[in-house]
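# Summary of the model geometry
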Amino acid sequence: MDKLRVEGGKRLEGSITISGAKNAALPLMAASLMAETEMVLENLPELADTASMLALLNHLGVASERQDEVVRFSPASGKRTTAPYDIVRRMRASVLVLGPLLGRYGKAKVSLPGGCAIGTRPVDLHIMAMEAMGATIDIIEGYIEASAPDGLKGADITFPMVSVGATENALMAAALARGETRIINAACEPEITDLAECLIAMGASITGQGSEVITVTGVSGLNGCRHAVIADRIETGTFAIASAMTGGHVTLNNCRPDHLPALWDMMRAAGVGIEETATSVLISAKGSPHPVDVTTSPHPGFPTDLQAQFMAMMCLAEGDSVISETIFENRFMHVPELMRMGARIDVNGGNATVHGPAKLHGAQVMATDLRASVSLVLAGLVADGVTTINRVYHLDRGYYRLEEKLSACGALISRVNEKE
Ligand code: EPZ
């Protein structure tokens, strides 16, 4: 299994080009199941998760061909509507094929994804949305068996809590349902807006995307389109925090700073220099950050996917800060690993109190989930000595050429292939 070796103490300087967003790419790829003609996605990052989705689509009859960051998708054959366990268990976002299959073919059999490191990750809201549109759902031997032989019908879907994935499944299914659907308490993440805009380019009729109420008027069929995946706001935030932690001076290009309002507020409060344009942001920092309390919440609040990274930065702050995680029930897996590097953190339920400043030192650490893993890389950039991060396959799921991008800005980071 590969490891990452990081030698701390180097200030990051230079520029990084941000890749396409993993969490926009995955639903957009699922939407290709609904296209009756060829679909092309640009700026589609080459990640373990997007490779898993291509494999699932291939299994479902959608052939694809990648040319650098451009992927062409053939129209689905419709022969298969089952997403098997051995594919879904590797990538829980596979559940996003449920809405497209049900919307287009009136049936779908999708393995329950099961939990993951950060929580049980139920899909009850996805199922509720499909049932609201008239589908019959049975859970049989770990599979969601969904059917709507007469097709889905438009409905009001009110989510009791905000769910990005359930909003995406509902949006895609509603695009081909008969009549009007209103998705109430919809997620407002930029990835939802990106998906809606792609579906509109395919012929769907959608308004309200990006707000809490999305209205969809079903159409009889969708064509392919050419769509560029939005820039990855979590990658943007990750590198912004990395630059700030090292007292660096880094410009992030090809990104959407307007997708990260809460992060910039918190980083400015921590004393970091942030200069935004429409497609780039300059991060400059001098000295230690000020302590800042952060609570994660759905967009436009502070993203849960940047909680671990921000906590790594707060380890260096001149004082105590409280990081509150409200989205997932177990998203502090990075805490014990950061503590092995010398961080001083007390966890009490969903709140972590970070006592700063801590002098971090290099250590052997274990990656657990995608974002916890990258927080250890960030800590390694500023720790005394060498940090080795094991199980970097977690990182490869969501970061494209991480070590190359950081090395280009002066980080001493390299991948070690361990034959294990
Ligand atoms: C998406 O996951 C992202 N993944 C996650 O990013 C991100 O952390 C999350 O949204 C929140 O922003 C992708 O887009 C592929 P949710 P998703 O449904 O859709 C509960 C990363 O690191 N819930 O918004 O699965 C759920 O347990 C990943 O890139 C239900 O209870 O998240 C959680 O507590 C990690 N029932 C909360 O809602 C459901 O049916 C929010 O989950 C669905 C969700």
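Everything here concerns the structure above.
One broad rule of soluble globular proteins: the nonpolar side chains tend to lie buried together. Membership of the largest hydrophobic core comes to 77 residues, with the highest contact counts inside it found for Met29, Phe73, Val97, Leu171, Leu199 and Met202. With residues near it in sequence (within four places) discarded, leucine 199 still touches Ala31, Met34, Leu171, Met172, Ala204, Ile206 and Leu222. If you look at the next biggest cluster of nonpolar residues, it comprises 71 residues, including Met314, Ala358, Ala367 and Val374.

Contacts to the ligand come from 23 residues, most closely from Asp124, Leu125, Ser163, Asp305 and Ile327. In the environment of the ligand, an oxygen atom lies 2.7 Å from a nitrogen or oxygen atom belonging to the backbone of leucine 125. Between an oxygen atom of the ligand and a main-chain N or O atom of valine 164, the distance comes to 2.8 Å. Contact with the protein chains hides 88% of the accessible area of the ligand, taken as 820 Å² for the molecule alone. Contributions of two or more residues to the shell around the ligand are made by α1 (22–31), α5 (124–132), α6 (164–175) and α12 (370–382). Split by residue class, the shell around the ligand holds 12 nonpolar, 5 polar and 6 charged.

For the rest of this paragraph, the subject is the sheet that holds strand β22 (residues 364–366). Working definition: the strands of a sheet are paired by backbone hydrogen bonds and lie parallel or antiparallel to each other. Strand order in the open sheet formed by 4 strands is β22-β23-β1-β24, with mixed pairing between adjacent strands. Of all the strands in the sheet, the pair left with one neighbour each is β22 and β24 (412–417). Averaged over all neighbouring strand pairs, the angle between strand axes comes to 25 degrees, with direction disregarded. As judged from the 4 bridges shared by strand β1 (residues 2–7) and strand β23 (residues 386–390), these two strands associate in the antiparallel manner.

Okay, helix α9 (residues 261–269) next. The set of residues buried in α9 consists of Ala262, Leu263, Trp264 and Met267. At its buried positions, α9 is contacted by α8 (233–245), β16 (273–276), β17 (280–284) and α10 (307–314).

We now examine the packing of α8 against α9. Following both chains from N to C, one finds α8 and α9 inclined at 10 degrees, their axes separated by 11 Å at the closest point. Classified by the angle their axes make, α8 and α9 are roughly parallel. When α8 is examined against α9, the residues Thr236, Gly237, Ala240, Ile241 and Ala244 are found in contact with a partner set consisting of Leu263, Trp264 and Met267. Considering only residue class, the contact of α8 with α9 consists of 6 nonpolar, 2 polar and no charged.

Scanning the model with the defined rule gives 1 aromatic pair in all. The ring of tyrosine 143 has lysine 109 sitting right over it, with the charged end atom 4.9 Å from the ring centre.

On to empty space enclosed by the protein. Empty space left among the atoms is revealed by rolling a probe the size of a water molecule over them. Going through the model one piece at a time under the given rule, you end up with 1 cavity of 30 Å³ or more. Roughly 30 Å³ of internal volume is contained in the largest cavity. Together, Ser19, Gly20, Pro45, Leu47, Asp232, Glu235, Gly398, Tyr399 and Tyr400 line the largest cavity. Here the lining of the largest cavity is built from residues that sort into 4 nonpolar, 3 polar and 2 charged.

Applying the stated criterion to the full structure yields 18 salt bridges. Lysine 109 is the salt-bridge partner of glutamate 145, the closest N and O atoms lying 3.9 Å from each other. Of this pair, glutamate 145 sits in strand β9 (residues 143–147) while lysine 109 is found in strand β7 (residues 107–111), placing the two residues 36 residues apart along the sequence. When its relative accessible area of 29% is taken as the criterion, lysine 109 is described as partly exposed.

Tracing the backbone shows glycine 20 in the loop between β2 (13–17) and α1. Overall, the relative accessible area of 4% leaves glycine 20 in the buried class. Each C-alpha atom of the pair glycine 20 and proline 45 lies 5.4 Å from the other, and the pair is 25 residues apart in sequence.

So, on to the pairing of strand β4 (residues 64–67). Judged from the 4 bridges that link them, β4 and strand β5 (residues 70–73) form a sheet pairing that is antiparallel. Counted as the bridge partner of glutamine 67 is valine 70 from β5.

Conventions and cut-offs
Residues numbered from 1 in each chain as written. Predicted model: local features only at pLDDT ≥ 70, side-chain atom pairs only at ≥ 80, totals over all residues. Heavy atoms only, no water. Core = buried A, V, L, I, M, F, W, Y, C linked by side-chain atoms within 4.5 Å. Buried < 20%, exposed > 50% of the residue type's maximum accessible area, 1.4 Å probe, protein only. Contact = heavy atoms within 4.5 Å. Near = heavy atom within 4 Å. Polar contact = N/O pair within 3.5 Å; in protein donor to acceptor, adjacent residues only side chain to side chain. Areas by Shrake-Rupley, 256 points an atom, 1.4 Å probe, with all protein chains shown as cover. Helix = DSSP H or I, 4+ residues; strand = E, 2+ residues; numbered from the N terminus. Nonpolar A, V, L, I, M, F, W, Y, C, P; charged D, E, K, R; others polar. Pairing = 2+ DSSP bridges. Axes fitted to C-alpha atoms, helices over the stretch in contact; angles between N-to-C directions. Parallel < 35°, antiparallel > 145°, perpendicular 65-115°, else oblique. Phe/Tyr/Trp six-rings, centres within 6.5 Å; stacked < 30°, edge-to-face > 60°. Lys NZ or Arg CZ within 6 Å of the ring centre and 35° of its normal. 1 Å grid on protein atoms, 1.4 Å probe; cavity = no way out; pocket = protein on both sides within 12 Å on 5 of 7 lines; lining within 4 Å. Points joined across faces, edges and corners; volume = space filled by probe spheres on them. Salt bridge = Lys/Arg side-chain N within 4 Å of Asp/Glu carboxyl O.

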